[in-house]
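Close look at the chain arrangement
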Amino acid sequence: MSQNIFDDPTFFEGYRQLREGANFNDLLEQPAMNALLPPLDGARVLDIGCGYGRNCLAFSEVAQHVDGVDISVRMLNVARKENCAGNISYHEMDMADISTLPGSYDLIYSSLAFHYCLDFPRLMKDCHDLLKEGGVLLFSQENPITTCARNTDNRYVRDEEGNTFFKVADYQDEGERHVRWFVDDVVHQHRKFSSIVHDIASAGLILTDCVEPCPDKSAIKKLPGLARELIKPSFIIFKCIRKETTK
């Protein structure tokens with residue numbers, strides 16, 4: 001079972017405050033994800049790790065039906081209160097259990113949740129099986145460059161000339177990473193880029209696009225901390241399709 005850190009009261013409150021201000025999600029990751037969305041008119045959509053349900057509500061404006069899945073009761077309580085619609089169904093569920101969902105989908109979407117997944121090959125296979133032929137899997141996660149190091153202290157260094165660099169360590173050593181983010185011992189899973197691509201392909205999905213979002217000048221002006229994204233990327237986005245059977 002995936003770690004349910006979002007139901008920790010301290011973590012939940014810290015994350016809520018983060019999302020209410022200028023943040024990396026809204027200024028960097030979400031614009032890049034939106035640019036890769038397929039047409040959703042009349043579509044059936046599954047949002048894995050739907051959180052507050054904001055994307056579910058946006059999808060529901062054109063989609064036929066949206067299923068939002070999240071392991072966090074606190075997140076889903078907000079979603080059902082603030083981002084509900086007649087064609088949205090929210091499910092308290094670990095992403096490891098999505099194979100139990102009925103029906104199939106034109107789009108499976110996930111924003112910054114898959115780096116919590118314990119069994120990524122199985123997740124890719126489940127997504128493949130839940131997609132209609134020609135359906136799209138679009139997901140973002142923490143970039144492997146960001147997740148790789150076991151010791152996350154002092155990752156940025158400067159040389160004698162004042163140039164800033166990001167230290168990469170433990171990249172080939174895949175597995176759990178325990179970090180502090182609002183609280184101690186938040187567990188992420190580190191996977192190499194090649195492992196992610198291999199698992200996508202092994203599941204029978206076709207990778208059609210891959211993006212490492214980079215902020216523009218207007219985003220950096222709103223949130224100066226985004227300038228460090230020019231040194232190393234925090235996120236990576238994959239767009240895949242389920243191959244259509246030749247008739």
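Residues numbered from 1 in each chain as written. Predicted model: local features only at pLDDT ≥ 70, side-chain atom pairs only at ≥ 80, totals over all residues. Heavy atoms only, no water.

Going by this rule: UniProt positions are given in the numbering used here, feature names are shortened, and annotations may be inferred rather than shown by experiment.
If you look the protein up in an unreviewed UniProt entry, it shows as Class I SAM-dependent methyltransferase from Candidatus Aphodenecus pullistercoris. What UniProt records for the protein under Sequence similarities (unreviewed entry) is the sentence "Belongs to the methyltransferase superfamily."

Some remarks on the sheet that holds strand β2 (residues 65–70)
Neighbouring strands of a sheet are bound in pairs by backbone hydrogen bonds; such pairs are parallel or else antiparallel. Where we set the bar: Note on pairing: DSSP must find at least two bridges between two strands before they are called paired. Runs of H or I in DSSP of at least four residues are treated as helices and runs of E of at least two as strands, each being numbered from the N terminus. Convention adopted: a line fitted to C-alpha atoms gives each axis, helices being fitted over their contacting stretch, and angles between N-to-C directions are expressed from 0 to 180 degrees. Contact between two residues is taken to exist if any of their heavy atoms lie within 4.5 Å; hydrogens are not considered.
With mixed pairing, the seven strands of this open sheet are ordered in space as β3-β2-β1-β4-β5-β11-β10. Every other strand in the sheet has two partners, leaving β3 (88–92) and β10 (205–211) as the edge strands with one partner each. Recorded for the sheet is a direction-independent mean angle of 15° between the axes of neighbouring strands. Against the sheet, helix α4 (residues 73–82) makes contact with β2 and β3, and its axis sits at roughly 165° relative to β3, the strand it touches most.

Topic: the pairing of strand β4 (residues 105–110)
This is how the line gets drawn: The classification of residues rests on relative accessible area computed with a 1.4 Å probe and restricted to protein chains. Under 20% of the type maximum is buried, over 50% is exposed, and intermediate values are partly exposed. Here a crossover is taken to be right-handed if, once the strands point away from the viewer, the path from the first strand over the helix to the second is traced clockwise.
The buried count for β4 comes to five of six residues, which makes it a mostly enclosed element. Here three bridges tie strand β1 (residues 44–48) to β4, and the two strands are oriented parallel to one another. Its bridge partner being in β4, V45 is matched across the sheet by L107. Strand direction decides the pairing type here: β4 and strand β5 (residues 131–142), joined by five bridges, are parallel. By the bridge assignment, S110 is partnered in β5 with F139. Assessed by its sense of winding, the connection that carries the chain from β4 through helix α5 (residues 120–130) to β5 is right-handed.

Quick look at the pattern of salt bridges
The cut-off we apply is this: Salt bridge, as applied in this entry: a Lys or Arg side-chain nitrogen positioned within 4 Å of an Asp or Glu carboxyl oxygen.
On inspection of all chains with the given rule, the structure shows five salt bridges. One salt bridge connects K132 with D106, and the closest N-O pair in it is separated by 3.3 Å. In this pair, K132 sits in strand β5 while D106 sits in strand β4, placing the two residues 26 residues apart along the sequence. You can call D106 partly exposed: its relative accessible area is 28%.

Regarding the nonpolar core
Here is the rule we go by: Residues enter a nonpolar core if they are buried and are Ala, Val, Leu, Ile, Met, Phe, Trp, Tyr or Cys, with the set joined through side-chain atoms within 4.5 Å.
I108, F114, L123, M124, L137 and F139 are the most contacted members of the largest nonpolar core, which totals 27 residues. Counting residues per element, the ones that place at least two in this core are β1, β4, α5, β5, α7 (193–202) and β11 (235–242). At five residues, the largest contribution of residues to this core is made by α5. When near neighbours in sequence (up to four residues on either side) are disregarded, F114 contacts I48, M95, F120, L123, M124, L137, F139, S140, Q141 and R191.

Topic: the packing of aromatic side chains
Note the following rule: Side-chain rings of Phe, Tyr and Trp (the six-membered ring for Trp) are treated as a pair once their centres are within 6.5 Å; stacked means planes under 30 degrees apart, edge-to-face means over 60, and tilted covers the remaining angles.
In this structure the tally under the stated criterion is seven aromatic pairs. Both rings, one in F59 and one in Y109, keep their centres 5.0 Å apart while their planes meet at 80°; by these two values the pair is edge-to-face. Residue F59 is found in helix α3 (residues 54–60), and its partner Y109 is found in strand β4; the two are separated by 50 residues along the sequence. A relative accessible area of 4% means that F59 is categorised as buried. For Y109, a relative accessible area of 0% corresponds to the buried category. Arranged with centres 6.4 Å apart and planes meeting at 70°, the rings of F114 and F120 form a pair that is edge-to-face. By relative accessible area, F114 is classed as buried at 0%.

Things to note about the UniProt feature "domain: Methyltransferase type" (unreviewed entry) in the protein
With numbering aligned to this structure, UniProt lists the feature "domain: Methyltransferase type" (unreviewed entry) at residues 46–139. In residues 46–139, the share of helix is 30% and the share of strand is 31%. The end C-alpha atoms are 11 Å apart.

Points about helix α1 (residues 9–20)
The test is simple: To estimate the expected span of a helix, count its residues, drop one, and scale the result by 1.5 Å. The directions from the helix axis to the C-beta atoms are what the arc is built from.
End to end, α1 covers 17 Å across 12 residues, agreeing with the expected 16 Å (1.5 Å per residue, within 8%). F11, F12, G14, Y15 and R19 are the residues of α1 that are buried. Along the axis of α1, the buried positions cluster into a sector of 165°, meaning they face one direction only.

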